[in-house]
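Architecture at a glance
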Amino acid sequence: MIYLKLLWSYLKIGIFGFGGGYAMLSLVESTVVDPGWITEQMFTDIVAISQMTPGPIGINSATYIGYVVPGTVNPESFASPLWGLLGSLVCTFAVVIPSFLMVLYLSHFIRRHNESGVIKAIFTGLRPVVVGLVASAAILLMNSANFCPDHSQAQLWTSVAICAAAFCLVYFPIPWRGKKLRIHPISVICMAGAAGFLIYGL
């Protein structure tokens, strides 16, 4: 049954998804796209929505994926939105509960042994792994579904230009009347959405 598969899949993601939501994206993608539950295009759309909405991206994406997968796998049996809500609850619970239990225990353990050389060595080894996982998530999202779903060169270069402009606006301060202003990421998201609508929607 799809709900048991979702429960088991997201329990594994919750247990082995080190480094936060961005670091676990590659694991989520292989779990839900490779079996054919959703398409790569749907996955990238869900990631975009999860980034824009409040809350951790790992939990947000689990909620959205849990909602759409039952209807995608078996649209006749799971046509009602209630089946999607059940899937959202299953995935959200499954991805949260392992980390909740581990943090509940490990926080007490680390407080008692925070000066231990073994604990410090473990965290020293984990840091570059987390950086690598986040980098792999960035590379994972640099695909045709994000940059050129229509497979046209014009769309590809337009998407690259929007991506580069958004990065520069967030990362580099803008000189203005002797001051250096930083544009808030939410403003950049709104501007990127407006640019996409004007370029592709009209």
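Calculation rules
- Residues numbered from 1 in each chain as written.
- Predicted model: local features only at pLDDT ≥ 70, side-chain atom pairs only at ≥ 80, totals over all residues.
- Heavy atoms only, no water.
- Core = buried A, V, L, I, M, F, W, Y, C linked by side-chain atoms within 4.5 Å.
- Buried < 20%, exposed > 50% of the residue type's maximum accessible area, 1.4 Å probe, protein only.
- Helix = DSSP H or I, 4+ residues; strand = E, 2+ residues; numbered from the N terminus.
- Contact = heavy atoms within 4.5 Å.
- Phe/Tyr/Trp six-rings, centres within 6.5 Å; stacked < 30°, edge-to-face > 60°.
- Axes fitted to C-alpha atoms, helices over the stretch in contact; angles between N-to-C directions.
- Parallel < 35°, antiparallel > 145°, perpendicular 65-115°, else oblique.
- Left-handed = near helix turned anticlockwise from the far one by under 90°.
- Nonpolar A, V, L, I, M, F, W, Y, C, P; charged D, E, K, R; others polar.

**A short note on the nonpolar core**
In this structure, Tyr 10, Val 28, Val 32, Ile 38, Phe 43 and Ile 65 are the most contacted members of the largest nonpolar core, which totals 26 residues. Those elements that provide at least two residues to this core are helix H1 (2–16), helix H2 (25–32), helix H3 (40–52), helix H4 (57–73) and helix H5 (81–112). Those residues in contact with Phe 43 that sit more than four places away from it in its chain are Leu 25, Val 28, Glu 29, Val 32, Val 33, Ile 38 and Leu 140.

**Let's talk about the packing of aromatic side chains**
Per the stated rule, a full pass over the model turns up six aromatic pairs. Note on Phe 167 and Phe 172: the rings are 6.3 Å apart at their centroids and 85° apart in plane angle, and the pair reads as edge-to-face. According to the relative accessible area criterion, Phe 172 is partly exposed, its value standing at 42%. Ring plane angle 85° and centroid distance 5.0 Å describe the contact between Tyr 171 and Phe 172, whose orientation is recorded as edge-to-face. Through successive ring pairs, a cluster of aromatic residues spans Tyr 3, Phe 78 and Trp 83.

**Examining the packing of H1 against H2**
Here H1 crosses H2 at 165°, and the two axes come no closer than 10 Å. Between H1 and H2, the angle falls in the class roughly antiparallel. When the axes of H1 and H2 are compared, the crossing they make is right-handed. Contacts from Ser 9, Tyr 10, Lys 12, Ile 13 and Phe 16 of H1 reach H2 at Leu 27, Val 28, Thr 31 and Val 32. When its residues are assigned to classes, the contact of H1 with H2 shows six nonpolar, two polar and one charged.

**A word on the side chain of Ser 159**
For Ser 159, the position within the fold is in helix H8 (residues 153–171). The class for Ser 159 is buried, based on a relative accessible area of 13%.

**Things to note about the environment of Tyr 3**
Note on placement: Tyr 3 falls in helix H1. On the basis of relative accessible area, Tyr 3 is assigned to the buried category, the value being 6%. As a C-alpha pair, Tyr 3 and Gly 87 span 84 residues in sequence and 6.5 Å in three-dimensional space. Contact partners of Tyr 3, with chain neighbours within four places excluded, come to Pro 70, Phe 78, Trp 83, Leu 86, Gly 87 and Val 90.

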